[in-house]
Amino acid sequence: MIIVMNPQASKEELQRVIDRITEAHCKVHLSEGQVRTIIGVIGEKKMIAELPVEAMDGVEKVVAVTESYKLVTREFKQEGTVVDVGGVLVGGDNIVTMAGPCAVESREQLLESARLVKEGGAQFLRGGAYKPRTSPYAFQGLEEKGLEFLAEARAKTGLKIVTEVIDAQSVPTVADCADVLQVGARNMQNFQLLKAVGRINKPVLLKRGMAATLNEWLNAAEYIMNEGNYNVILCERGIRTFEDYTRNTLDLSAVAAVKTISHLPVIVDPSHGTGVWQLVRPMARAAIATGADGLMIEVHPNPAIALSDGKQSLTPKKFSLLMNDVAAIAGVMGRKLA
Ligand code: PEP
Ligand code: MN
């Protein structure tokens, strides 16, 4: 249930409504918008149904949300969420770019990548220290050493760090280094992990599962928000379809759809979305034209020798060309590069 407070409601009236909800053992989520405050009520259906809040002073209306997710919706929060990553804003008028290698492979490879993607116009350095690989014999990542290199790259370039966390127990270790914690496609419904990142005070980038519906994806975001972490960035990265020319089918209609349902910022990863470097630039253009809030792009100093995802990685030079296109399309869309 969502309670919409009157724009003129006083602090005391708001508090009385909150007290009434907590007395009924329901959980309160506050959304304080520019015009009005909205209260999301989470709890047992029966308890909520019997809450006599409609007639309370300061309450404008009560809306029953029939969807299984609530906090991610525009009913709960009308204005688009802007996630502040240490001064870099994700959402609003901004277009952000997260770029870097699939995996942190060595100190030299990472520092070189950081320097080059910064030159190309990225605000975030991406790179996996923990890699969820299809084959157990494939490179699994440098783990804690990789996190150290990421922290060094941040210190040297000022880029924000986005890196993947693959299980609940390593959340504190990854959160120590990362500015944004990435939950990967393979873990989108790892509910213990979602709850764990929901309890920390760092933004989370939630990738869409490779066979997840919008409903499942938004419910995964709801898990994080329900634990109190509202700083969630969604990332469309392609889904499995019958088409096998590309690695995945980049679902840009999902971006437009999610923008209508949810207030959360959405970025697009055309690298995993296509699996083919030649397709990354055109799909990046399309993503910005669709209304995405940013891009995640795999860039490697030398894709031919990358330990993972070389085929979909751009050279730094090609990344610069992509960024020129993105700047032009951002302008048409009334947006600016962060
Ligand atoms: C990645 O970003 O390198 C990655 C593994 O992505 P996904 O979870 O989308 O496959
Ligand atoms: Mn990758």
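Computed from a predicted structure; not experimentally measured. (Residues numbered from 1 in each chain as written. Chains lettered and ligands numbered in written order. Predicted model: local features only at pLDDT ≥ 70, side-chain atom pairs only at ≥ 80, totals over all residues. Heavy atoms only, no water.)

> Looking at this model, I keep getting lost on the coordination of the manganese ion (ligand 2). Mind explaining?
Under perfect tetrahedral coordination by four donors, a metal shows angles of 109.5 degrees; under perfect octahedral coordination by six donors, it shows angles of 90 or 180 degrees. Taken together, the protein ligands of the manganese ion (ligand 2) are Cys102 (SG), His272 (NE2), Glu298 (OE) and Asp309 (OD), with distances of 2.0 to 2.3 Å. Between consecutive donor residues of the manganese ion (ligand 2), the sequence gaps follow C-x169-H-x25-E-x10-D. Taken together, the residues Glu298 in strand E14 (residues 294–298) and Asp309 in the loop between E14 and helix H11 (316–332) connect sequence positions eleven residues apart. For the pair Glu298 and Asp309, a shared accessibility class is recorded, and that class is buried. (Donors = N, O, S within 2.8 Å, 3.2 Å for Na, K, Ca; no water. Helix = DSSP H or I, 4+ residues; strand = E, 2+ residues; numbered from the N terminus. Buried < 20%, exposed > 50% of the residue type's maximum accessible area, 1.4 Å probe, protein only.)

> Would you mind showing me how to read the pairing of E14 here?
For a regular strand, the rule is simple: side chains alternate between the two faces of the sheet. Taking burial as the measure, the five residues of E14 include five buried ones, the bulk of the element. Pairing of strand E7 (residues 94–100) with E14, which is carried by five bridges, proceeds in the parallel orientation. Looking at the pairing, Met98 lines up with Met296 of E14. Looking at chain direction, strand E13 (residues 266–268) and E14 are connected through two bridges and run parallel. Its bridge partner lying in E14, Ile267 is registered against Gly294. (Pairing = 2+ DSSP bridges.)

> Would you take a moment to explain the pattern of salt bridges for this structure?
A side chain with one charge can pair with a side chain of the opposite charge if their charged atoms come near. The final tally for this structure, using the stated rule, is 18 salt bridges. Measuring nitrogen to oxygen at the nearest pair gives 3.4 Å for the salt bridge that ties Arg126 to Glu298. Pair noted here: Arg126 is in strand E8 (residues 124–126) and Glu298 is in strand E14, with a separation of 172 residues, a long-range link. A relative accessible area of 2% means that Arg126 is categorised as buried. (Salt bridge = Lys/Arg side-chain N within 4 Å of Asp/Glu carboxyl O.)

> Please explain the site of ligand 1 as it appears in this structure.
Around ligand 1 lies a shell formed by Cys102, Arg126, Lys131, Glu164, Gln182, Gly184, Ala185, Arg186, Lys207, Arg237, His272 and Glu298. Side-chain polar atom of Lys131 to an oxygen atom of ligand 1: 2.9 Å apart, as the coordinates give it. One of the side-chain nitrogen or oxygen atoms of Gln182 is found 2.9 Å away from an oxygen atom of ligand 1. Contact with the protein chains hides 97% of the accessible area of ligand 1, taken as 290 Å² for the molecule alone. (Near = heavy atom within 4 Å. Polar contact = N/O pair within 3.5 Å; in protein donor to acceptor, adjacent residues only side chain to side chain. Areas by Shrake-Rupley, 256 points an atom, 1.4 Å probe, with all protein chains shown as cover.)

> Before we go on, may I ask you to explain helix H10 (residues 277–290) in this structure?
Each α-helix turn comprises 3.6 residues. Residues three or four places apart therefore point the same way. Taking 1.5 Å per residue, 14 residues should reach 20 Å; H10 reaches 20 Å between its end C-alpha atoms and fits that length. Considered for burial, the residues of H10 that qualify are Val280, Ala284, Ala287 and Ile288. If you follow the buried residues of H10, they end up packed against E7, helix H8 (252–261), E13, helix H9 (270–274), E14 and H11. Phi turns positive, to about 110°, at Gly291, one or two residues after H10. (Expected span 1.5 Å × (residues − 1). Contact = heavy atoms within 4.5 Å.)

> For this particular structure, what's the right way to read empty space enclosed by the protein?
In this approach the atoms are scanned with a rolling probe the size of a water molecule, which exposes any empty space left behind. Overall, the coordinates contain one cavity of 30 Å³ or more when judged by the stated rule. Residue lining of the largest cavity: Arg126, Gly127, Gly128, Lys131, Val162, Thr163, Glu164 and Gln182, and that is the complete set. If one sorts the elements of the lining of the largest cavity by residue count, strand E9 (residues 160–164) sits on top with three residues. Grouping the amino acids of the lining of the largest cavity by side-chain chemistry returns one nonpolar, four polar and three charged. (1 Å grid on protein atoms, 1.4 Å probe; cavity = no way out; pocket = protein on both sides within 12 Å on 5 of 7 lines; lining within 4 Å. Points joined across faces, edges and corners; volume = space filled by probe spheres on them. Nonpolar A, V, L, I, M, F, W, Y, C, P; charged D, E, K, R; others polar.)

> Explain the sheet that holds strand E2 (residues 27–32) to me, please; I cannot follow it from the model alone.
Backbone hydrogen bonds hold the strands of a sheet together, and the pairing may be parallel or antiparallel. Ordered by their spatial adjacency, four strands build an open sheet running E2-E3-E1-E4, and the pairing between neighbours is antiparallel. Either end of the sheet is taken by a strand with one partner, and the two such strands are E2 and strand E4 (59–63). Going across the sheet, the axis of each strand differs from the next one's by a mean of 20°, ignoring polarity. The pairing of E2 with strand E3 (residues 37–42) spans six bridges and is antiparallel. Within the sheet, the bridge partner assigned to Val28 lies in E3 and is Val41. (Axes fitted to C-alpha atoms, helices over the stretch in contact; angles between N-to-C directions.)

> What am I meant to see in the packing of aromatic side chains here?
Centre-to-centre distance and the angle between the planes together describe a pair of aromatic rings. This model, assessed by the stated rule, comprises two aromatic pairs. Above the ring of Trp277, the side-chain terminus of Lys318 is found at 4.2 Å from the ring centroid. (Phe/Tyr/Trp six-rings, centres within 6.5 Å; stacked < 30°, edge-to-face > 60°. Lys NZ or Arg CZ within 6 Å of the ring centre and 35° of its normal.)

> So what exactly am I meant to see when it comes to the packing of helix H6 (residues 191–198) against helix H7 (residues 214–226) here?
When two helices pack together, their arrangement is given by the angle between their axes and by how far apart the axes lie. For the pair H6 and H7, interaxial distance at closest approach is 7 Å and the crossing angle is 45°. Between H6 and H7, the interaxial angle falls into the category oblique. Considering the relative orientation of H6 and H7, their crossing is right-handed. In this structure, H6 contributes Phe191, Leu194, Lys195, Val197 and Gly198 to the contact, and H7 contributes Ala220, Tyr223 and Ile224. Among the residues forming the contact of H6 with H7, the class breakdown is six nonpolar, one polar and one charged. (Parallel < 35°, antiparallel > 145°, perpendicular 65-115°, else oblique. Left-handed = near helix turned anticlockwise from the far one by under 90°.)

> Sorry, what's going on with the layout of surface pockets here?
Estimated volume of the largest pocket: approximately 410 Å³. For the largest pocket, the lining is made up of 19 residues, of which Met1, Val41, Gly43, Ile48 and Lys70 are closest to its centre. If you list the elements that add at least two residues to the lining of the largest pocket, you get E3, helix H2 (45–49) and H7. Broken down by class, the residue content of the lining of the largest pocket amounts to nine nonpolar, five polar and five charged. In this structure, the lining of the largest pocket is formed jointly by two domains, domain 1 (2–63) and domain 2 (83–337), each of which donates at least three residues. The computed volume of the second largest pocket comes to approximately 280 Å³. Residue lining of the second largest pocket: 20 residues in total, with Pro132, Arg186, Arg247, His272 and Asp309 positioned closest to the centre. A class-by-class count of the residues in the lining of the second largest pocket yields four nonpolar, six polar and ten charged. (Domains from an automatic or database assignment.)

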